[in-house]
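# Descriptive analysis of the structure
The chain contents come next:
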Amino acid sequence: MTSPRSSHNASVWGCQEPGVYTDLGPRPALSWMRPSVLWRSRNDVIAKWFGDPVDEVRRRWVQVPQETPMRTEGETFSFLVLGDTGEGDSSQYAVVPGMLRVGQGTRFAVVASDVNYPVGSVNDYGQTFFKPYQAYPAPIYAVPGNHDWYDGLEGFMRVFCDRIGDGAPGPTWKPRYARLATKLWRKPEPTDEDAFTAARALRAQPSQQAKQPGPYWFIDSPRLRVVGLDTGIGGGIDRDQGEWLRRVSADPRPKLLITGKPIYRNNEYRPCQIEGGGTVDEIVRTTGYVAVIGGDIHNYQHYPVDVDGHRIDYLVAGGSGAYMHATHTIPAVDIRRDGETIVDEDAFFCHPLRGDSLVFYSRLYADRLRRFGLRRFFELDYPEAAAAVSRRLGVAPTRPEAQGVVPGLRARMVASLLAVPDGRKRRPLLRLPVNMPYHRLFSEASDSDAAPFFKTFLRLDITPGELHIRCFGATGCRAQELEPPVEHELRISLR
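All values reported here derive from a predicted model rather than from experimental measurement.

Before going further, it helps to examine the overall build of the protein chain. For the protein chain, the count of helices and strands is 17 helices and 17 strands. Compactness check: the protein chain gives a C-alpha radius of gyration of 22 Å against a globular reference of 23 Å for 495 residues, within 12% of the reference. Seen through its C-alpha atoms, the protein chain measures out along the principal axes to roughly 60 × 50 × 50 Å. The proportion of buried residues among the 495 residues of the protein chain is 57%. Here the protein chain has roughly 20,200 Å² of accessible surface; of this, 52% comes from carbon and sulfur atoms. Once the 62 positive and 59 negative side-chain charges of the protein chain are each reduced to a mean point, those two points are 4 Å apart.

Right, here's the structure in full:
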């Protein structure tokens, strides 16, 4: 395993030449603060307030889970994994040139979570899926994310499974909430058939064709079974999918899980509940899985976990298109089980590095607040940002240029305002109750649609004895389009 404590993106702050991704035709930036977008995305809130109907609807789509593999590979093959891709704007399209270059020779690709923003509508797939990936010559499969479920999975099932809804009644709720929830629940949009036919024609080559059996599936090879899981809106799975997962996981081969939501994220453990009892991670830990890749969080994180002398690598890989989730808000990692640390800060890796994340957001705020004369106050460079993060978290800087730097008062104030956790158990420099909620609700829901970006995607190479996972960076700069940098690398034995 290689876990570099430096980032190739150190150079992007001096990006000399913009990339050619703009020639691919991205749409204007998707604004997550636009009231119309928030209203269209309301099913997430309704599911949390009145009850999540996803399990019921999924059972209608998958009446009989498929017990045979979706496809079968040989001893040696490669594929790509992209996570949370579907904004349709520059932050998604900036990933495409590097993906096409790195993806040469791969047999297929998988999108892990949120193929299509903001609401999974079949009418948006032209811009968020068919158009950006029209030059990728191989099939693309997917597991849905919460946004793909906001239209009852109608768009996803049409695109990936070639199925159209059967006109069955919509979700149902307990009588106490049924009338209000039914009235508020967003219904799928009517399909613009002409536009959909034109969009699908962009990926009409025989080598690009793919049809998956449903929102969850598995792929077989002699040395590795790849399992795709649908975690819906709330992050759990239904009873039928859980029973299916137990059956396909009983196979003795090493296994890789690709899921809509990660099991480890942001110094937290979320084992993924199964309707009726048990968790997905219980299955992962006891049936020979070597790695788990989850989307939903828009950055890259790695958590190596020892399970009875066997390491399982848990990855967050949702950084292939949507707005960047900050990493500087992640506390110093110390995940415990039964009172013992199972992942600590030294074993953890994230991209962007926390210092780069703080620089990114400090400049975002500096630009927004320039009319108030605060640009110079907020804007940080990497050494002072990384030093401020290091001081607040109580961890060592990850790159040499920040080592030995003492952060000034301004850098410490910006770090506090932008929600870098204080792990020193000392009185904070600033105690403003709006700091963290404002940053989490507004900055992370805002999309910077200009380079440099901190996007990532994965290439997985399988040989008889090894699973090789590489995380590549995409910045929107021409140099990284021509030679995408490897930001993190894992070599996992399959013997």
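Attention shifts here to helix α10 (residues 239-249). Residues of α10 that are buried: Gln241, Gly242, Trp244, Leu245, Val248 and Ser249. One face of α10 carries all of its buried residues, which in axial projection span an arc of 160 degrees. In the core, the buried residues of α10 are packed alongside α3 (54-61), β4 (217-220), β5 (225-229), β6 (255-259), α11 (280-286) and β9 (289-294). The N-cap residue of α10 is Asp238: its side-chain oxygen and the backbone nitrogen of Asp240 are 3.1 Å apart.

With that settled, the discussion passes to the sheet that holds strand β11 (residues 310-317). The sheet built from seven strands is open, its strands ordered β4-β5-β6-β9-β11-β10-β14 with mixed pairing. The open sheet has two edge strands with one neighbour each: β4 and β14 (349-351). When strand polarity is set aside, the average angle formed by the axes of neighbouring strands in this sheet is 15 degrees. By the bridge criterion, eight bridges tie strand β10 (residues 300-307) to β11 in an arrangement that is antiparallel. Paired with Val305 across the two strands is Ile312, which belongs to β11. Its contacts with the sheet place α10 against β4, β5, β6 and β9, and it is angled at close to 175 degrees to β5.

This part is about the sheet that holds strand β2 (residues 108-112). Paired through their backbone hydrogen bonds, the strands of a sheet run either parallel or antiparallel. Taken together, six strands build an open sheet; the order of strands is β3-β2-β1-β15-β16-β17 and the sheet is mixed. Among the strands making up the open sheet, the edge pair consists of β3 (140-143) and β17 (486-493). Pairwise comparison of adjacent strand axes, ignoring direction, gives a mean angle of 20 degrees for this sheet. Of the pairings in the sheet, the one linking strand β1 (residues 77-83) to β2 comprises five bridges and is parallel in character.

Turning to the pairing of strand β15 (residues 455-463), a few remarks are in order. The buried fraction of β15 amounts to eight of the nine residues, a majority that puts the element mostly inside the structure. For β1 and β15, the ladder comprises five bridges, and the chain directions are antiparallel. Its bridge partner lying in β15, Leu80 is registered against Arg459. Strand direction decides the pairing type here: β15 and strand β16 (residues 466-474), joined by nine bridges, are antiparallel.

Turning our attention to the pairing of β2. Counting buried residues in β2 gives five out of five residues, a clear majority hidden from the surface. Here β2 runs beside β3; their pairing, made up of four bridges, is parallel. Residue pairing in the sheet places Ala112 in a bridge with Val143 of β3. As a crossover connection, the stretch from β2 through helix α6 (residues 125-130) into β3 is right-handed.

This next bit is on the environment of His310. On the secondary structure map, His310 appears in strand β11. On the accessibility criterion, His310 (32% relative accessible area) is partly exposed. With 20 residues separating them in the primary sequence, His310 and Val290 have C-alpha atoms 8.3 Å apart. Residues contacting His310, with those up to four places away along its chain left out, are Tyr289, Val290 and Val305.

As a further point, take the nonpolar core. Soluble, globular proteins show a tendency: their nonpolar side chains are buried together. Formed by 72 residues in total, the largest nonpolar core has its most connected members in Phe129, Phe160, Leu245, Val280 and Tyr314. No other element matches helix α7 (residues 154-161), which puts five residues into this core. Among the nonpolar cores identified, the runner-up in size contains 58 residues, and Tyr300, Leu380, Ala386 and Leu458 belong to it.

A cis geometry characterises the amide bond from His351 onward to Pro352, with omega recorded as 0 degrees. Within the fold, Pro352 resides in the loop between β14 and α12 (354-368). Put simply, Ala451 and Pro452 share a cis peptide bond, and its omega is 5 degrees. Although it is not a glycine, Asp338 adopts a positive phi angle of roughly 55 degrees. The class of Asp338 is exposed, set by a relative accessible area of 76%. For Ala419, which is not a glycine, the phi torsion comes out positive at approximately 70 degrees.

As enumerated under the stated definition, the model contains 39 salt bridges in all. Asp461 serves as the salt-bridge partner of Arg459, at 2.9 Å between the closest nitrogen and oxygen. For Asp461, a relative accessible area of 12% gives the class buried. Among the salt bridges present, the one from Arg470 reaches Asp461, with a minimum N-O distance of 2.9 Å. Within the structure, one salt-bridge network assembled from shared partners comprises Arg363, Asp367, Arg370, Arg375 and Glu379.

Rules behind the numbers
- Residues numbered from 1 in each chain as written.
- Predicted model: local features only at pLDDT ≥ 70, side-chain atom pairs only at ≥ 80, totals over all residues.
- Heavy atoms only, no water.
- Helix = DSSP H or I, 4+ residues; strand = E, 2+ residues; numbered from the N terminus.
- Rg over C-alpha atoms; globule rule 2.2 N^0.38 Å.
- Buried < 20%, exposed > 50% of the residue type's maximum accessible area, 1.4 Å probe, protein only.
- Areas by Shrake-Rupley, 256 points an atom, 1.4 Å probe, with all protein chains shown as cover.
- Lys, Arg positive; Asp, Glu negative; His and termini not counted.
- Charge placed at Lys NZ, Arg CZ, Asp CG, Glu CD.
- Arc of directions from axis to C-beta.
- Contact = heavy atoms within 4.5 Å.
- Polar contact = N/O pair within 3.5 Å; in protein donor to acceptor, adjacent residues only side chain to side chain.
- Pairing = 2+ DSSP bridges.
- Axes fitted to C-alpha atoms, helices over the stretch in contact; angles between N-to-C directions.
- Right-handed = clockwise from strand over helix to strand, strands pointing away.
- Core = buried A, V, L, I, M, F, W, Y, C linked by side-chain atoms within 4.5 Å.
- Salt bridge = Lys/Arg side-chain N within 4 Å of Asp/Glu carboxyl O.

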